[in-house]
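Fold and geometry: a report
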Amino acid sequence: MNQSYRTEDIPSKNNRKTGQNVLIAVLAVCALPVLVPVVLFLGAGGLGRIVALGAGGIGIVLTVGAGLAGLAVTAATCVLGLLVCLAALAAVGVIGTGAGIALLFQTPASGLAVLGASLLMLGGGLLGGLLTWGLVVLMVSLIRRIAAYGQGAGKRRSSGAAKEGQKDEA
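Figured I'd write up the structure that's included with this text. From a predicted model like this one, the values you see are computed outputs, not experimental measurements.

The topology assignment puts S118 in helix α2 (residues 108-169). Among the polar contacts made by the side chain of S118, one reaches the main-chain amide nitrogen of T97 at a distance of 3.5 Å. A distance of 2.7 Å separates a polar side-chain atom of S118 from the backbone oxygen of V114. Ignoring sequence-local partners within four residues, the contact set of S118 consists of G93, G96 and T97.

Here it is in C-alpha cells:
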C-alpha cells in the first residue's frame, strides 16, 4: 500500500523564468527615479499629518485647559469684585450712619434722611455679603457633587466591564 509519488509531475508555483526576473530588476532600477520622490513625498506627508494631528490635539487640550482656567479665574475675580463692592457699600453705610446721627442734632429732617439711606446701604451690604457667601458655598458643593458623580461614573463603567467579563467567562 505504500505508493510513491513523483514530484517531477507536480508543477511548482515559484517556477519563474530567468528572463522575467531580469526584466523585473530592470524595471525596478528604471522606476527608482520616480518611486523614491513619491515614497518620500508620501512618507513626509504622513509624518506631517501625524505631527499636525499631534499639534492639533495638544492645541485642543491646551485650549480647553486655558478656557477652564480662564473661567475659574473670571468667576473668582467676579466674586472678589462683588465682595469688594459689598464691603464698600457696608463701609459707606457705617460712615453714613455716624454722619446721620451727627446731623440729627443740627437738622433733624436731613439727619433722618441720611441715617435712613445709610442704614439701607449697610443692610444691603451685609445681606449681599451673606448671599454671596451662600452662593460660593453652593457652587463649591455643586462642583464637588459633579466631580463625585464623574468619579462614580468611571467606577461604574470599569466595574460594569469587569462584571460582563465574569459573565462571559462563566
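Moving on, we get to a nonpolar patch on the surface. Side chains of L135, L138, M139, L142 and I146 sit close together on the surface and give an oily, nonpolar patch of about 480 Å² of accessible area. As for its placement among the helices and strands, L135 is situated in helix α2. Judged by relative accessible area, which is 43%, L135 ranks as partly exposed.

Its volume calculated, the largest pocket comes out at about 250 Å³. Every element with two or more residues in the lining of the largest pocket is listed here: α1 (18-106) and α2. The biggest single contributor to the lining of the largest pocket is α1, with five residues. Counted by class, the lining of the largest pocket contains nine nonpolar, no polar and no charged residues.

Rules behind the numbers
Residues numbered from 1 in each chain as written. Predicted model: local features only at pLDDT ≥ 70, side-chain atom pairs only at ≥ 80, totals over all residues. Heavy atoms only, no water. Helix = DSSP H or I, 4+ residues; strand = E, 2+ residues; numbered from the N terminus. Polar contact = N/O pair within 3.5 Å; in protein donor to acceptor, adjacent residues only side chain to side chain. Contact = heavy atoms within 4.5 Å. Patch = residues over 30% accessible without salt bridge, like charges linked within 9 Å, V, L, I, M, F, W, Y side chains within 5 Å. Areas by Shrake-Rupley, 256 points an atom, 1.4 Å probe, with all protein chains shown as cover. Salt bridge = Lys/Arg side-chain N within 4 Å of Asp/Glu carboxyl O. Buried < 20%, exposed > 50% of the residue type's maximum accessible area, 1.4 Å probe, protein only. 1 Å grid on protein atoms, 1.4 Å probe; cavity = no way out; pocket = protein on both sides within 12 Å on 5 of 7 lines; lining within 4 Å. Points joined across faces, edges and corners; volume = space filled by probe spheres on them. Nonpolar A, V, L, I, M, F, W, Y, C, P; charged D, E, K, R; others polar.

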